[in-house]
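Secondary and tertiary structure notes
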Amino acid sequence: MMTALALALLLDTDPPEAVKKSIANLVGSNFSVSTSAPKRDTVPAVAYNSVDNEWLVIWEHWYDDQPLDRDIRARRISSTGSLLGSEVIIVQLSRDETTPRVAHSPTSNRYMIVWVDEGKDVKAKIVDNLGAQVVAPFFVDAFVPGTSTDAEIVWRQTQDDFFVTWSETRTGGGNYDLFGSLFNTDGTIKRDNILLRDVTTANLRRSALSYHPSRDEYMMVYDNGADIFGFRIDGGVVYQLSDIALVSNSTGTQVDAAIALGGSDYLVAWEDNRNGNYDIFARKVTELGVVSGDAIAVRNSSNVEDNAAIAYGSGAFVVAWEEQTANGDWDIYARAVGPTLALGAIDRVSQPTQNPDTETSNEYNPAVALNTSTGEYLLTWQDGRSGVFDVWAQRATYADPSVPATPTNFGHSGNTSTSVTWTWTDTSSNETGFRIETDSHATVTTTAANATSYSEGSLTENAAYSRHVHAVNASGDSPASSTAAAYTSVHDPTISAFSLTVVSSTQINVPVTAPPNSPLGSTGVAV
């Protein structure tokens, strides 16, 4: 049964105006990645190199005088968004090389790049960390009869190898089926041309992959032209488990899925026209392939949204997509999706300072990769602002948009006559700070993230104070912690607080100044 939260998310329609101003998660400005001419640069992909702390962006490069002669080019991007070195020609074969994908092996510090050759075969090349050739281009699909397309690639860290998948019409009947091959980082084959899925009555297209290192398994998702399915594959590509129907029997068409692993769960996002035009929906799948909860609308508006890309880091998934705005042009947007499927603010990633209702250039084909060292993402896309398509990029940071967990063990220590130190246990990973409040919910202070204590000063001596704490972030506040009460202490007595009066040989009077608020705390003095 659909939960109330999921139903609200499905029915809620984001107004186009909601995306005009949000740039809160963007770091710096858009910058151009491709610089060569003559050019049309399209369909970028990106991978992060954790050894050198940089990204590699690859794309199709068109020659204006030869429209069916696309090459594959690449550019290194520093962690701060600077262009490194020159554009690298990955492949230039006087033929049409399209839709590249890339993965990086930190163990060997090599990239494997795959693409579709002449619209019918899948090829690959292995390059070093600077983009220089290590293994010359070779056929992935064994150059057998049939048409191959939709190549994808992931790196398997447990064995330092690459898994490549694609759709192909090899098995007869004219339908596309799913195939895969496993390669060492030197290009030698470990498992060759495995038939992963064969459905004689449907075309299996637009697949996507994610690898689960602790289980040494892949999760593969694809569409059959109507619905989204997925299945698990062991790391050695020896067995494949039965299909999981991620979106089936829903109104409309669901296609072009993307997937990422976050913790022990996957998030799958796709294009979905159940509401009459294409929107971006998503659903969680456990590591065991169990569909978890209902689908949610990541972006549901009167505009058209499609071509989702997804990555995970810093406790949240980031979903990017292209969106056609009211004036007919296309822009790139993104938002965070938390582990509990809470949704963050929508960022207009491409040309964020321009008004989307008047800006007229088109941006398509987003891709995104996480910098695991800094927690920043690089989003990249093809961009028409110059009059021809170039590849542009934007750095961004995204945190878990879920409301943080309640702090525990709230108490106090180290009290003085004018201060109380409040202490607690931080139980959340996505707070931006902690807000300490009085019993009447007045704010005492808001600390930075990850704090576990606060010393409240300028208090009255020998007085009672009661406080509680909330963890906070942009999505809201956690429930309040338990309440703690504390007294400030009494100052040490000084000689000025005493006087002696000799009344007789058997009596001395000792007047004493009592501590403040003596009915509340310390009630007197001992002489």
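Given the structure is predicted, the values throughout are model-derived calculations rather than measurements.

Let's shift gears to the sheet that holds strand 25 (residues 347–348). Read from one edge to the other, the open sheet built from 4 strands follows the order 22-23-24-25, with strand pairing classed as antiparallel. Strands at the two margins of the open sheet, each flanked by one partner only, are strand 22 (304–313) and strand 25. Relative to strand 25, strand 24 (residues 330–337) runs antiparallel, the two being bridged by 2 bridges. When the sheet's bridge partners are listed, alanine 334 is paired in strand 25 with aspartate 347.

Quick look at the pairing of strand 9 (residues 133–139) now. Regular strands show a simple pattern: their side chains alternate between the two faces of the sheet. Of the pairings in the sheet, the one linking strand 8 (residues 121–128) to strand 9 comprises 4 bridges and is antiparallel in character. Of the residues in strand 9, the one forming a bridge with lysine 123 is phenylalanine 139. In textbook terms, the turn of a hairpin is the stretch between consecutive antiparallel strands, and for strand 8 and strand 9 this stretch comprises 4 residues, one of which, glycine 131, has a positive phi near 95°.

Looking now at the side chain of serine 210. Mapped onto the secondary structure, serine 210 falls in strand 14 (residues 205–212). Assessed through its relative accessible area of 8%, serine 210 is described here as buried. Separated by 3.2 Å, the side chain of serine 210 and the backbone nitrogen of leucine 261 make a polar contact.

For the protein chain, per-residue confidence averages 88 on the pLDDT scale, and residues scoring 70 or more make up 89% of the total. Model confidence for the protein chain, summarised as mean pLDDT per element, is weakest for helix 1 (residues 4–11) at 37 and strongest for strand 26 (residues 363–370) at 98.

Now for the pattern of salt bridges. Applying the stated criterion to the full structure yields 28 salt bridges. Arginine 70 is the partner of aspartate 96 in a salt bridge, and the nearest nitrogen-oxygen pair spans 2.8 Å. With aspartate 96 in the loop between strand 5 (83–91) and strand 6 (97–105) and arginine 70 in strand 4 (residues 66–78), the pair connects residues that are 26 residues apart, well separated along the chain. Judged by its relative accessible area of 10%, aspartate 96 falls in the buried class. The buried category is assigned to arginine 70, whose relative accessible area is 14%. Because the salt bridges share partners, they merge into one network encompassing Arg95, Glu97, Asp117 and Glu118.

Rules behind the numbers
- Residues numbered from 1 in each chain as written.
- Predicted model: local features only at pLDDT ≥ 70, side-chain atom pairs only at ≥ 80, totals over all residues.
- Heavy atoms only, no water.
- Pairing = 2+ DSSP bridges.
- Helix = DSSP H or I, 4+ residues; strand = E, 2+ residues; numbered from the N terminus.
- Buried < 20%, exposed > 50% of the residue type's maximum accessible area, 1.4 Å probe, protein only.
- Polar contact = N/O pair within 3.5 Å; in protein donor to acceptor, adjacent residues only side chain to side chain.
- pLDDT = per-residue confidence, 0-100.
- Salt bridge = Lys/Arg side-chain N within 4 Å of Asp/Glu carboxyl O.

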